[in-house]
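Listed below are the residues making up each chain.
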Amino acid sequence: MKTGHRLTGKYLAWTTRRPDATCWWCQYKIQTREHLFKNCPQRKSQQKTLWATVLETTRKLPGPTRSRDRTNIAELLADQRCSQAVLTFLATTDVGRTSGPPAAGEDEDAASEASEWEAREQEERAWARRKEEETLGME
Ligand SMILES: [Zn+2]
């Protein structure tokens, strides 16, 4: 799962650095991890799949059972039993939406979403560079 690993790394970096970003799907003003994984109205079907898989998987394996309402996102991301479900969620949510018809109610096409992702990435890199410069400047 090389691709998945890279995707998660990117995603984690982004969520850590940008907890205040506007959600780029529903324009909710704070795109927290909670929002994306649990509340974003544009990602309802993916969230449903994610939490159903997580519940089913964690029930079968040793360790705490993870349900949507009792699991925060830090716990979800840290739990290796859930990583496949998380990767699938990120892939279907972000850049990897290559298979299957779009869920009902989704009218944006994959291309526009991908270019939006690109724009975010560029913004991210610029932001990281500035931050690095600031850090260096202070020492
Ligand atoms: Zn949203």
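Residues numbered from 1 in each chain as written. Predicted model: local features only at pLDDT ≥ 70, side-chain atom pairs only at ≥ 80, totals over all residues. Heavy atoms only, no water.

Engineer: Mind showing me how you'd approach the environment of threonine 71 here?
Structural biologist: Along the chain, threonine 71 turns up in the loop between helix H3 (44-60) and helix H4 (73-78). Discounting chain neighbours no more than four positions away, the residues touching threonine 71 are Lys38, Trp51, Arg66 and Leu76. At 2.7 Å, the side chain of threonine 71 forms a polar contact with the backbone oxygen of serine 67. (Helix = DSSP H or I, 4+ residues; strand = E, 2+ residues; numbered from the N terminus. Contact = heavy atoms within 4.5 Å. Polar contact = N/O pair within 3.5 Å; in protein donor to acceptor, adjacent residues only side chain to side chain.)

Engineer: So what exactly am I meant to see when it comes to the nonpolar core here?
Structural biologist: As a rule of thumb, nonpolar side chains are buried together in soluble globular proteins. Ranked by size, the top nonpolar core spans 16 residues in total, and within it Phe37, Leu50, Val54, Leu76 and Val86 carry the most contacts. Only helix H2 (33-39), H3, H4 and helix H5 (83-93) provide two or more residues apiece to this core. (Core = buried A, V, L, I, M, F, W, Y, C linked by side-chain atoms within 4.5 Å. Buried < 20%, exposed > 50% of the residue type's maximum accessible area, 1.4 Å probe, protein only.)

Engineer: Explain the confidence of the model for the protein chain to me, please; I cannot follow it from the model alone.
Structural biologist: Any residue range with low pLDDT should be treated as having predicted coordinates unsuitable for detailed reading. Considering every residue of the protein chain, the mean pLDDT works out to 75; 62% of them sit at 70 or more. Across the protein chain, element-level confidence peaks in H3 with a mean pLDDT of 96 and bottoms out in helix H1 (residues 2-17) with 57. Across residues 95-108 the pLDDT falls below 50, and counting only partners more than four positions away or on other chains, this stretch makes 19 contacts in the model. (pLDDT = per-residue confidence, 0-100.)

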